[in-house]
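# Structural description and commentary
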Amino acid sequence: MAAKNRREYMTKTPVPKLILTLAVPTIISMMVTAIYNTADTFFVARVSDDPTVNTSATAAVGLVFTVMALIQATGFFCGHGSGNYLSRMLGAGNHKEANEMASTGFAMALILGVVFAVIGNIFAGPISGFLGAGATSMTLEFTGQYMRIILFGAPFMMAQFVINNQLRFQGSAYVAMIGLMCGALMNMVLDPLLILVFHMGVRGAAIATVMGQFTSFCVLLIGTMKGENIKLSFSNVHINVHYIKEIVNGGAPSLFRQGLAAISTLILNYTAGSIGSDAAIAGMSVAGRVMMMMASALIGFGQGYQPVCSFNYGAGLKKRVKEGFNFCVKYSTIFLVAIGVVCYIFAPNIIAFFSKDPAAVTVGVAALKFQAITLPLSGAIVISNMMLQSIGKGVKASITASARNGICFIPLILILPQLFGITGVEIAQPCADVLALLIAVPMAYTELRKFNE
């Protein structure tokens, strides 16, 4: 769409209609991405006829999730940081800075991705041992195999996260959706082929994941060249104090949110492994993947709100920002109540679909039921964080982003298992959700009330 039409579309379209229009392709993208992320867990659990091998392979994928979360955190740091800023600049009519920020954010992601790939593979052995403290030797071997290949794909993973977010913040959610869905399709085709047909085990799962991310990267890069989307150019790369500061301000909340999720997962795996060995790690890993898939729809809905929020805030239309916030919190909570009920009732069936180990299933079912109870709270937590991030309130957004997986969860996962054993591991996340709500909502309210002034 032309710049004039895009501005009119983003500032004149009724807020609920605009959010839903932008959210639908993003929700589809997030759900498909969550499904193909879960596909690794599903197929890896069937690498062998030996249940012990399958449990170790499933645990390994769960352990490497920490590394993947760090890669994703860095990608979202550059993507949300540059995307938030360029959207506000487009709203303010400053196209020069929007163009320069897009290319700068993309370049930073590629550079950081190469650093991850090189350093990660050099120290792959020690990293595997650190991630899998308390795990068996078989699990550690699978962890190293899976992680090395994942790390080689880090530059493309980070870069595709950046392009995806930049396209969304420009209002091109459908282009972003097509890119992610192409990668998801590639992954889901390769997973059974490499694991079950060519018997490549966890290496096959890792190759499928990397090829899926690379496919998304290529399709999204082509998408930036279409229509009125910002064209990426090396001549527009300006890695200077101004743009780095804006990326940090807009991207730090994503880095904290995703980075602390990685650290929390590491502590969770270590604690679960020390109490219940590989079965506990596998059970918590499966429950976590299932909840991630359920929450992906919420994140997609919130990401439909983000460009509406940042663009209209940049244009000075703060009432539209508040209207969108109220709309998203209301309907996301209703949706999560329904999803939570389904997950609670069918928890045994859901966990058993991914794991056949009775001990892993027992842990996974309990964890999933506890998390389903507090799932409806996530709507207000996530939307509050996204609103603060999109209007450039970096400090408050970083605090709310850190609350669920860091400020609240880390102390709880260290304390509760000491008191309640494996049950303490299973209830840590739900307890963190309650505390995070008490932090996020007041911080969002302090900004929203200013919009009436």
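It should be noted that the structure appears before, not after, this text.
This write-up is about the structure you can find in this document. (Residues numbered from 1 in each chain as written. Predicted model: local features only at pLDDT ≥ 70, side-chain atom pairs only at ≥ 80, totals over all residues. Heavy atoms only, no water.)

## Quick notes on the overall build of the protein
Tallying secondary structure elements over the protein gives 17 helices and 0 strands in all. Its C-alpha atoms give the protein a radius of gyration of 21 Å, within 12% of the compact-globule value 22 Å for 453 residues. Dimensions along the principal axes, computed over C-alpha positions, put the protein at roughly 60 × 40 × 35 Å. Here the protein holds 453 residues, and 59% of them are scored as buried. Across the protein, the fraction of contacts at a sequence separation of at least 24, relative to all contacts at a separation of at least 6, is 83%. Accessible area of the protein: about 17,100 Å², with a carbon and sulfur share of 71%. Side chains of the protein carry 28 positive and 17 negative charges; the gap between the two charge centres is 12 Å. (Helix = DSSP H or I, 4+ residues; strand = E, 2+ residues; numbered from the N terminus. Rg over C-alpha atoms; globule rule 2.2 N^0.38 Å. Buried < 20%, exposed > 50% of the residue type's maximum accessible area, 1.4 Å probe, protein only. Contact = heavy atoms within 4.5 Å. Areas by Shrake-Rupley, 256 points an atom, 1.4 Å probe, with all protein chains shown as cover. Lys, Arg positive; Asp, Glu negative; His and termini not counted. Charge placed at Lys NZ, Arg CZ, Asp CG, Glu CD.)

## Considering the side chain of Q303
Turning to its location among the elements, Q303 is positioned in helix α10 (residues 241-314). On the basis of relative accessible area, Q303 is assigned to the buried category, the value being 4%. When neighbours within four sequence positions are excluded, Q303 is seen to be in contact with T26, M30, F76, H80, N165, R168 and M386.

## Some remarks on the packing of aromatic side chains
Following the criterion strictly, the structure yields 9 aromatic pairs and no others. On the basis of an interplanar angle of 5° and a centroid distance of 6.3 Å, the ring pair of F106 and F217 is categorised as stacked. In this pair, F106 is assigned in helix α4 (residues 95-122) and F217 in helix α9 (residues 201-223), connecting sequence segments 111 residues apart. Judged by its relative accessible area of 11%, F106 is buried. Ring geometry for Y313 against F451: centres 6.3 Å apart, planes inclined by 50°, an arrangement best described as tilted. With Y313 in helix α10 and F451 in the segment after α17 (422-448), this pair connects stretches of sequence that are 138 residues apart. We classify F451 as buried; its relative accessible area is 8%. In textbook terms, an aromatic cluster arises when at least three aromatic residues are bridged by ring pairs, as seen for F106, F156, F214 and F217. The aromatic ring of Y344 is capped on one face by K369, whose charged end is 5.2 Å from the ring centroid. (Phe/Tyr/Trp six-rings, centres within 6.5 Å; stacked < 30°, edge-to-face > 60°. Lys NZ or Arg CZ within 6 Å of the ring centre and 35° of its normal.)

## A short note on the layout of surface pockets
Counted as a void, the largest pocket has a volume near 210 Å³. Lining the largest pocket are 13 residues, and of these V67, L70, F116, I127 and L131 sit closest to its centre. Those elements that provide at least two residues to the lining of the largest pocket are α3 (51-92), α4, α5 (124-131), α6 (137-152) and α10. (1 Å grid on protein atoms, 1.4 Å probe; cavity = no way out; pocket = protein on both sides within 12 Å on 5 of 7 lines; lining within 4 Å. Points joined across faces, edges and corners; volume = space filled by probe spheres on them.)

## Some thoughts on empty space enclosed by the protein
Applying the stated criterion across every chain yields a total of 2 cavities of 30 Å³ or more. At the level of elements, α2 (15-44), α7 (154-169) and α8 (173-197) are the ones that each hand at least two residues to the lining of the second largest cavity. Its residues assigned to classes, the lining of the second largest cavity comprises 6 nonpolar, 4 polar and 1 charged. (Nonpolar A, V, L, I, M, F, W, Y, C, P; charged D, E, K, R; others polar.)

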